[in-house]
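Chain and residue survey
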Amino acid sequence: MKHLLLLAGAACSTLWVSGQTPDGDSLTSPAWSIELPSAAITVAGPWGASRQLASSLSASDQLVALPAVRLAALGEGLVQPVLRGLQGSRVAVLERGMPMQGGRWGSDHGLVLPWHSLLSQTIQPATGLNRLMAGGALAVEGVPWLPATDSTAVEAATRMRHGDGLGAIEARWTHRRGPSQTALELGLRTFADRNVPDSGFTYLDRTLPIVGGRLVNTSGRSLNFAASWRHATGHQWELGASGGRFEQGLFPGFIGFPLEADLVGDAAPRAMELPRQIADRLALTAQTWRADGTHLYVGLQWNERSELAPPHAHGWGPLPSDDLSFRLREVGAFAAVERPVRDGVTWGLQAEGLVGATAGWEFLLPSHRRGRVAALVGWDLPVWEVAGRIDLWGHVSEGFVEPLYAISGEAVGVDERAVELTRGFVGVTGEATRPGWRVALTTRAPDPYELAANGIHHGTARFERGAPELHAEHEVLVEWGRGAWRVWAAAAPDFIYLGPTASFAPIAHAGQVMAFEQAPVFRTGAEFAWTWGEAWYADVRASVLGAWRLDDGMGLPFTPPADARVEVGRAVRGMRIWSAVQTQSPSLILARNESHTPGFALLDAGFSAPFSRGHLRLTARNLLNTSYLQHINPYRALGLAEQGRTIEISLQFQ
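None of these values were measured; they are calculated from a predicted model. Counting restarts for each chain: residues are numbered from 1 in the order of the written sequence. In keeping with the model being predicted, local features are shown solely for residues with a pLDDT of at least 70 and side-chain atom pairs are shown and tallied solely at 80 or more, while totals for entire chains, interfaces and linings include all residues. With hydrogens and water stripped out, all remaining heavy atoms of the structure feed into the side-chain values.

**Topic: the overall build of the chain**
Spelled out, the test is: Elements are defined by DSSP. Helices are runs of H or I of four residues or more, strands are runs of E of two residues or more, and each kind is numbered from the N terminus. Here the term buried applies to any residue with accessible area under 20% of the maximum for its type, exposed to any over 50%, and partly exposed to those in between, with areas from a 1.4 Å probe on protein chains only. Residue contacts follow a heavy-atom distance rule, with two residues in contact if any of their heavy atoms lie within 4.5 Å. The accessible surface values rely on the Shrake-Rupley method and a 1.4 Å probe; as for residues, cover is taken only from the protein chains in view.
What the chain contains, in helices and strands, is three helices and 39 strands. Here the chain holds 654 residues, and 58% of them are scored as buried. In the chain, the proportion of contacts linking residues at least 24 apart, taken out of those at least 6 apart, comes to 67%. Accessible surface, the chain as shown: approximately 24100 Å² in total, 62% of it carbon and sulfur.

See below:
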C-alpha cells in the first residue's frame, strides 16, 4: 500500500533519505537516487520516475535539483534553514517517520536540518496537507543492515570550504552482532561570516556599505548526533534517538535599521555577537514491524528556538531587562499504526499532539496547543490505487495584551497582541493513482502561525499577522507524468498564503506587515529532468510554476520564477570533471505589493575521483562571483545578495 503511506505523509512526491550499503547500492528503488558523502537521497513519486542523478551537486543543490523542491538552505551562511516545495511552501520533515513539528518561525522558514541529519531524515514536499502530518510507515532506516551477522563499519566525511569558511566533519559507527545492530552518528560544523560579491546594499531607499565583502555576524556552528538500535527475529524492532544544537548570528540589518558601524564588525569572522539565534532539539522514537504486516510507531520530541537581541532593538517604551527577544519551546508526540486486513486493503490510525510555550519581549506567537487524530484506509484495485483519510484537528491559543507606547515612551493605550482562540477543524483527503496519473483531494488545517501570529520576526525584518478566522484549506490536484517529466494543476477555493501588505508595523523596527490571507487560487507547473550519455554526458533539468488568485488575477507572493540547470561532464574510470550553468528567469508573476527580482545565470565546475577507501570531491560555486537575488528568499527584501564564490573540497572515507 505504498500510496496509502504516501498519502499519510503528504499528497505529493516523497523524498526519502537513507543510507548506502557498503558496495554503494541505493537502498530505495525504484526512485531518484543521489550519492552523498555517507548517505543516499531518494525520492519516489506516483509517476514512477527512476534514474541516477549526477553526483556533482552539494547537499542543498541536490535537494533543489529534485522535482518538487525549489529552495533548500540547510543552515549555512545567512539564511535560516529552509525547504520549500515547488508546489507552494508546504514541506514536512520526518525523522525516521516522526514529523519534526517544532521550530518553525513562519511559512517562509523550515527547520534546522544540518547536512549530517540527511543520514536519517525524510523530506516531503507537500501540495496541500497539514505540515504536521506524516505516516509512521514512511520511516526509512538511515543505517542499512550490515551484510555480515558479525561485522563493524566505520564511515567518515569532512568538508572544507573557502568563501564563507565552512568546516565540517561527520562520522558513523555501525556494529552488527547476530540479529541486532547498533549505529552511532556524530556531526560537527562551523562556518564563518558569509561572503557576498557586493560592496553595499539598499534598504528603505538608503544605501549601506558592506565592508570587506562579508556580512558580519552571520557565522555559526552546530553539533548533531543520532543513535539507533535494531533487532530482527520474528518481527523487527527499532529504537532511535537524535538531537543537536545550532547557533548562528543574525545580520545587524535584521534588528532594527542598521547603522554603518554595525556593518563593519569588531570580531573575528567566526565569532558571534548579539543578535543571534539558537536552536536545540531532541527526538526519541520506537517502532516495530510484525510478521503479519502491522507497523506500530511512537515518537516524542522537544524543540526550543530562541532569538537574542540587544534591548535597544525593542523599540518604544521601557527597555527590557535581558536579551531574550523571543523563545518558542515545543513538545510533541506522535503515534501511528498501520495494518493490512486482507489482500489489497490496509487501514491505519494516527494521533499527534503539540504544546508550545513562548516568551520574550518581542511578541510573535502566543503559547498554543494542537492535536490531530486520523483514520486511513487504502485499496489496491486492478488499475488504480485508492486511499483516503479523515482528520480531526483541535487548536487552542492563549491571549496576550501589553501596553502601547508612543515614541516619547509614554503609554498611550493597550495593544491586544493575541486573541484567545479555540478552533476545531475536520478534513477529508483522498487520492487515486495509476502509472503516470494522480488525482487527489487534500484538506489542510491552518497552523499556529497562520491563525495567531501577530508580531515582529527579526529573522526576516518584517511583521507577521495571522488571521483567527481562517478555515480549513481544500485543494484538488491532477498530476500527469512519465519518466523524466511531469505536469500538474491544482485549484483551491480557500488557499492560505502569507502575502505582503502596503503598510508597516505599528511598532519600531518591525518592518513591512505580512498578513495571512485566504483566497481562491489556481496553480500549475511542469518539471523536466534527463541525462544523455555516459562517458561524455549532459544533464538537463528545468521547472516552471504559475500561481494566481482567481478573484483578482494577481499572482501569489513568492512564486518562484522559471529556472534551469545544464551540466556537461566527462566520466572516466570513476573520475568525473564537469561544469554547469544555472539560470533563473526574472520574476514575472508578482503579487500585489511584491517587488520584482531580476534573473541571473551562474557558472559552477567540479572534479571528483575515487581512491582505495573513499572519495574526493572538489567543487567551485558561482565561479564568476555573480551578484544575484533569489525571489523566494525572504531576505531579498533587504536587498542582500546571495552567496558569492565558494570553493569546497570534501573527503569521504569508508
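And the narrative resumes.
**Some words on the environment of V383**
If you trace the backbone, V383 turns up in the loop between β23 (368-380) and β24 (385-397). A C-alpha to C-alpha distance of 6.3 Å links V383 and R434, two positions 51 residues apart in sequence. With residues up to four places along the chain from it excluded, the contact list for V383 reads T433, R434 and P435.

**Some points on the nonpolar core**
This is how the line gets drawn: Only buried Ala, Val, Leu, Ile, Met, Phe, Trp, Tyr and Cys residues count toward a nonpolar core, and they belong to the same one when joined by side-chain atoms within 4.5 Å.
Residues L365, F425, Y449, L470 and F516 are the most contacted members of the largest nonpolar core, which totals 20 residues. Not counting residues within four places of it along the chain, the set of residues in contact with L365 comprises F326, L328, T358, P448, Y449, A452 and A453. By size, the runner-up hydrophobic cluster in this structure holds 10 residues, among which are L208, I210, L215 and L263.

**Considering the pairing of strand β39 (residues 646-653)**
For the record, the criterion: By this definition, two strands are paired if DSSP reports at least two bridges between them.
Covered by surrounding structure in β39 are T646, E648, S650 and Q652 only, the residues I647, I649, L651 and F653 on the alternate face being uncovered. In this structure, strand β10 (residues 150-162) lies alongside β39, joined through seven bridges in antiparallel fashion. Across the sheet, residue R159 finds its bridge partner in β39, namely S650. With eight bridges connecting them, strand β38 (residues 614-621) and β39 associate as antiparallel partners. Bridge assignment links H615 to a residue of β39, and that residue is Q652.

**What about the pairing of strand β20 (residues 295-308)?**
Within β20, 10 of the 14 residues are buried, which leaves it mostly tucked inside the rest of the structure. Looking at chain direction, strand β19 (residues 276-289) and β20 are connected through 14 bridges and run antiparallel. If you follow A286 over to β20, its bridge partner there is V298. Connecting β19 to the antiparallel partner β20 that follows it, the hairpin turn spans five residues, and G293 within it adopts a positive phi of roughly 95°. Pairing between β20 and strand β21 (residues 324-342): 14 bridges, direction antiparallel. Counterpart to H295 in the pairing with β21 is E338.

**Quick look at the packing of aromatic side chains**
For clarity, the cut-off: Two rings from Phe, Tyr or Trp (for Trp, the six-membered ring) form a pair when their centres sit within 6.5 Å of each other. Planes less than 30 degrees apart are called stacked, planes more than 60 degrees apart edge-to-face, and all others tilted.
According to the stated counting rule, one finds six aromatic pairs in the structure shown. Where F363 meets F400, the ring centres are 4.7 Å apart and the plane angle is 10°; that geometry is what we call stacked. Here the residue F363 occupies a position in the loop between β22 (345-359) and β23, and F400 occupies one in strand β25 (residues 400-405), the gap between them amounting to 37 residues. Look at W480 and W485: their rings are 4.8 Å apart centre to centre, the planes differ by 85°, and that puts the pair in the edge-to-face class. Look at W480 and you get partly exposed, because its relative accessible area is 37%. What links up through ring pairs into an aromatic cluster is the set W437, W480 and W485.

**Digging into unusual backbone geometry**
The residue after L274, namely P275, is reached through a cis peptide bond having omega 0°. On the secondary structure map, P275 appears in the loop between β18 (236-249) and β19. Positive phi, normally seen in glycine, also occurs at R573, with a value near 50°. Along the chain, R573 falls in the loop between β35 (563-572) and β36 (575-584).

**Observations concerning a nonpolar patch on the surface**
Formally: Residues form patches when they are more than 30% accessible in relative terms and have no salt bridge. Like charges link within 9 Å. Nonpolar side chains (Val, Leu, Ile, Met, Phe, Trp, Tyr) link within 5 Å. Salt bridge criterion: a side-chain nitrogen from Lys or Arg within 4 Å of a carboxyl oxygen from Asp or Glu.
Taken together, the side chains of W437, V439, L441, V476, V478, W480, W485, V487, F528, W530 and W532 present a nonpolar region at the surface, about 920 Å² in accessible area. The set of elements that each furnish at least two residues to the nonpolar patch consists of β28 (437-444), β31 (473-482), β32 (485-504) and β33 (512-532). Mapping L441 onto the fold places it in strand β28.

**Looking at the confidence of the model for the chain**
Formally: As a per-residue measure, pLDDT reflects the predictor's confidence and takes values from 0 up to 100.
Of all residues in the chain, 75% attain a pLDDT of 70 or more, and the chain-wide mean is 76. Within the model, pLDDT remains below 50 along residues 1-56, and this stretch shows 217 contacts once partners closer than five positions in the same chain are excluded. Long-range and interchain partners of residues 75-81, a stretch whose pLDDT sits below 50, account for 42 contacts in this model, where long-range means more than four residues apart.

**Notes on the environment of N625**
Counting through the fold element by element, N625 comes out in the loop between β38 and β39. With relative accessibility at 26%, the residue N625 sits in the partly exposed group. Each C-alpha atom of the pair N625 and L603 lies 8.9 Å from the other, and the pair is 22 residues apart in sequence. Leaving out residues up to four positions away in the same chain, N625 has contacts with P197, G644 and R645.

**Remarks on the side chain of Q584**
On the secondary structure map, Q584 appears in strand β36. Exposure remark for Q584: the relative accessible area of 8% places this residue in the buried category.

**As for the environment of R329**
Inspection of the secondary structure puts R329 in strand β21. Given the relative accessible area of 35%, R329 is considered partly exposed. Along the primary structure R329 and R305 are separated by 24 residues, whereas in three dimensions their C-alpha atoms are 6.5 Å apart. The contact partners of R329, leaving out residues within four places of it in the chain, are W302, N303, E304, V355, G356 and A357.

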